[in-house]
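# Notes for the structure review
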Amino acid sequence: MTEYDSKGCHIVGYFSKEKHSLMNYNLSCILTLPHQMKKGFGRMLIDFSYNLSKIENRIGSPEKPLSDLGLISYRSYWTKVLMHYLADFEGKDISIKEISQETGIHLNDIISTFQYLGMVKYWKGKHIILRREDLIKEYSQHRVPESRKIDPTFIHWVPAKPKEDG
């Protein structure tokens, strides 16, 4: 990814994606150059990888294990996406599978994020997701337009064809 100014294009970061991932990883490696950190490029690259997964009609997840900084970055991204999803959700019953299909985020990543946020409770022999209105409201109030956001309508990309056995 580059940033353009009057002097030309300057690299800010990159990510790599496996063409054929047996584990459905949508991103293998991500890097934002040190002088470009804290400017939203990492989140933009993560968002771009999920948009590519949606084009492929796949649920994605980053290659594991994540580094400490990778976990912080992804958890922040997942939290923001999930809180915005819940804030906009008007139905009564919701399933993690539905959230996964709508957001492109893997079930395990959704569950681990909800656990981190204290939104999972064991009740009557089942794990349930708590709709914590305080958290959702907090994220909704701080919802600001992102200056660095991928518009999926401008992505012109054809996924690699699946490998044929044999």
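So, here's what we can say about the structure. Remember, it's a predicted structure, so these values are computed and weren't measured experimentally.

### Thoughts on the environment of Asp109
Tracing the backbone through its elements, the reader meets Asp109 in helix α4 (residues 107-116). For Asp109, a relative accessible area of 4% translates into the label buried. Ignoring sequence-local partners within four residues, the contact set of Asp109 consists of Tyr50, Gly60, Ser61, Pro62, Lys64 and Trp78. A polar contact of 2.7 Å, which involves the side chain of Asp109, links it to the side chain of Ser61.

### Regarding the environment of Ser16
Relative to the helices and strands, Ser16 is located in strand β3 (residues 13-16). When the C-alpha positions of Ser16 and Arg132 are compared, they lie 35 Å apart, and in sequence the two are 116 residues distant. Ser16 has contacts with Leu27, Ser28 and Cys29, leaving out every residue within four places of it along the chain.

### A look at the layout of surface pockets
In this structure, the largest pocket occupies an estimated 670 Å³ of space. Together, 27 residues line the largest pocket, and Thr32, Gly42, Ile46, Leu69 and Ser73 are the ones closest to its centre. Mapped by element, the contributors of at least two residues to the lining of the largest pocket are β5 (29-32), α1 (41-55) and α2 (68-88). Considering every element that reaches the lining of the largest pocket, the biggest residue donor is α2, with seven residues.

Scoring rules and cut-offs
- Residues numbered from 1 in each chain as written.
- Predicted model: local features only at pLDDT ≥ 70, side-chain atom pairs only at ≥ 80, totals over all residues.
- Heavy atoms only, no water.
- Helix = DSSP H or I, 4+ residues; strand = E, 2+ residues; numbered from the N terminus.
- Buried < 20%, exposed > 50% of the residue type's maximum accessible area, 1.4 Å probe, protein only.
- Contact = heavy atoms within 4.5 Å.
- Polar contact = N/O pair within 3.5 Å; in protein donor to acceptor, adjacent residues only side chain to side chain.
- 1 Å grid on protein atoms, 1.4 Å probe; cavity = no way out; pocket = protein on both sides within 12 Å on 5 of 7 lines; lining within 4 Å.
- Points joined across faces, edges and corners; volume = space filled by probe spheres on them.

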